[in-house]
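Examining the three-dimensional arrangement
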Amino acid sequence: RASTIIAGLQMDDVGKKVRAFLAEELLVDVQNVPDHEHLFASGLIDSFGFVQMIAYLEGEFGVQFAAEELLAGRLISIAAICDAVIERAGNRVG
């Protein structure tokens, strides 16, 4: 069940949930990972983990990502993921 989308969704809120997902579900040590760290180039996640993360984001925040977006390589860091989620959540609110 998707969480309620609220207009006040903040990057910190999204970032905490993304970090928690990476740590708890993908067993990634994200404690000292900078927000702009390239998750793939640094070896923190692979394509399977990416698919799991996208499914989590879509379910948790009630957002959808088009295949073209996923293939464009935009969602490469925690900061970029947060931006994308907030952008999509904002498009759904109001």
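So, here is what we can say about the structure in this document. (Residues numbered from 1 in each chain as written. Predicted model: local features only at pLDDT ≥ 70, side-chain atom pairs only at ≥ 80, totals over all residues. Heavy atoms only, no water.)

Considering the nonpolar core
By size, the foremost hydrophobic cluster in this structure holds 24 residues, and its most contacted members are Leu22, Ile45, Met53, Leu57, Phe65 and Ile81. With six residues, helix 4 (residues 78–92) is the single largest residue contributor to this core. With near-sequence residues (within four places) excluded, Met53 lies in contact with Phe21, Leu22, Ile45 and Ile81. (Core = buried A, V, L, I, M, F, W, Y, C linked by side-chain atoms within 4.5 Å. Buried < 20%, exposed > 50% of the residue type's maximum accessible area, 1.4 Å probe, protein only. Helix = DSSP H or I, 4+ residues; strand = E, 2+ residues; numbered from the N terminus. Contact = heavy atoms within 4.5 Å.)

Topic: the environment of Ile54
For Ile54, the position within the fold is in helix 2 (residues 47–61). Sequence separation between Ile54 and Ile81 is 27 residues, and the spatial gap between their C-alpha atoms is 9.5 Å. With near-sequence residues (within four places) excluded, Ile54 lies in contact with Phe65, Leu70 and Leu75.

Things to note about the packing of aromatic side chains
Using the criterion set out here, one finds two aromatic pairs in the structure. A centroid spacing of 4.5 Å and a plane angle of 15 degrees characterise the contact between Phe21 and Tyr56, whose relative ring orientation is stacked. With Phe21 in helix 1 (residues 11–24) and Tyr56 in helix 2, this pair connects stretches of sequence that are 35 residues apart. Classification of Phe21 by relative accessible area gives buried; the value is 10%. (Phe/Tyr/Trp six-rings, centres within 6.5 Å; stacked < 30°, edge-to-face > 60°.)

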